[in-house]
Amino acid sequence: MELPVAFEVGSLIVLTLILVVDLLLIIKRPHIPSTKESSLWVVFYVTLALIFALLMWYFAGGEYAGQFVAGWLTEYSLSIDNLFVFVLIMSQFSVPRKSQQKVLMVGIIIALILRGIFILLGAAIIEQFSWVFYIFGAFLIYTAWRQAFPGEEHDDEVKKESFLVRLIRRRVAISDEYDGAKVRTVIDGKKVFTPMIIVFVALGMTDLLFAIDSIPAIFGITKSAFIVFTANIFALMGLRQLYFLLGGLLDRLKYLHYGIAFILAFIGVKLVFHAMHENELPFINGGEHIEWVPVISTWMSLGVIIASMAVATIASLVAVRREGMRESSPVRAAAAVADEKGTPATVDGDPEGRHSADR
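Here the structure is a predicted model, which is why all the values come from computation and not from measurement. (Residues numbered from 1 in each chain as written. Predicted model: local features only at pLDDT ≥ 70, side-chain atom pairs only at ≥ 80, totals over all residues. Heavy atoms only, no water.)

**Considerations on the pairing of strand β2 (residues 190–193)**
Step number 1: Sheet topology note: the strand β1 (residues 184–187)/β2 ladder contains four bridges and is antiparallel. In the strand pairing of β2, I187 is matched with K190.
Step number 2: Between β1 and β2, which pair antiparallel in sequence order, lie two residues; one of them, D188, sits at a positive phi of approximately 55°. (Pairing = 2+ DSSP bridges. Helix = DSSP H or I, 4+ residues; strand = E, 2+ residues; numbered from the N terminus.)

Given below as structure tokens:
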């Protein structure tokens, strides 16, 4: 079965209208959303994605629906990873919290435009050159390694300003203070850019890098450009509300990057297997298809994606709970108070304070 054209066109129109309404709400009522408001929006977008998957199942069958759900979950997990960098950018440039909703929405729109371009290019390349899956697969495996083992200087590299940002700082007159979410303002009768232009450029560069990672990943799940694009839309639509919902909780998901790395590596291997099945390169197996390579189904991919994210999330929460219990132990609490008061926490020769009660 194939997806009806009317369903594809209607879906894109409805999703565009939702994005426009969301944008207008931000422009009309800029504010810091509460936890309840953010939760309701996230639930709304997740429910909407699941309803969309059911409609796809009805119109085109379970295979297409499974591809969409697997692609959506992959892009959603990568988008959560994207939030870590968004948090760093907001902190680095001291963006006023009240303006962060608009900034995030602009970042999401930039991401959609860039990913749309990458999707069209990727679909055209795949249509003409099946061997590109070898490159996509190798790139994802490399990206997975870099995600799992970023190195000690990773955070410093993330915080470094890109060449484009440094160039703008040197060539463009930029004010020292923000003026709400405005990109330009007037100071002493002269129009100048606000630091918001730097924030938008930094977000755009980040979105570009994440698009380069995410598009090959989802093309490893489906070849349908429509499914790829809608999965990206649904993954990005609730990203703004998820940013405010998770907030400081992002730092607690300490093992999330391992789950994402495993997903990327798995899809990378799947892409290489697919390229071997479709092999047309003369220097590999004489240009013939390699039939013995195992076929990884859409449903197996979906199971691996869900299991990877579940294990990473549960492991992170367990680790955070254990750390909290250690930090709240009586010995550590006494040590913290003693350190604050400038007095010794334990007696000599008893570093753990085991005999302090005897005294």
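**Points about the pattern of salt bridges**
Step number 1: Scanning the entire structure with this criterion turns up one salt bridge.
Step number 2: Between E75 and R115 there is a salt bridge; the shortest N-O distance is 3.1 Å. Within this pair, whereas E75 is found in helix α3 (residues 62–92), its partner R115 is found in helix α4 (residues 100–128), the two being separated by 40 residues in sequence. Across the pair, R115 and E75 agree in class, each one buried. (Salt bridge = Lys/Arg side-chain N within 4 Å of Asp/Glu carboxyl O. Buried < 20%, exposed > 50% of the residue type's maximum accessible area, 1.4 Å probe, protein only.)

**Comments concerning the environment of V95**
Step number 1: Positionally, V95 belongs in the loop between α3 and α4.
Step number 2: Residues V95 and E177, 82 residues apart in the sequence, show an inter-C-alpha distance of 9.9 Å.
Step number 3: In contact with V95, not counting residues within four places along its chain, are M90, Q100, V103, Y178 and V199. (Contact = heavy atoms within 4.5 Å.)

**Considering the side chain of S77**
Step number 1: Here S77 shows up in helix α3.
Step number 2: A polar atom in the side chain of S77 sits 2.7 Å from the backbone oxygen of T74.
Step number 3: Contacts of S77, omitting those with residues within four sequence positions, involve I260, I263 and M309. (Polar contact = N/O pair within 3.5 Å; in protein donor to acceptor, adjacent residues only side chain to side chain.)

**Focus: the packing of aromatic side chains**
Step number 1: Evaluated as defined, the whole model comprises 16 aromatic pairs.
Step number 2: Look at Y58 and F59: their rings are 5.2 Å apart centre to centre, the planes differ by 80°, and that puts the pair in the edge-to-face class.
Step number 3: The class of Y58 is exposed, set by a relative accessible area of 65%.
Step number 4: Through a chain of ring-to-ring contacts, the aromatic side chains of F7, F52, Y58, F59, F68, F226 and F234 assemble into a single cluster. (Phe/Tyr/Trp six-rings, centres within 6.5 Å; stacked < 30°, edge-to-face > 60°.)

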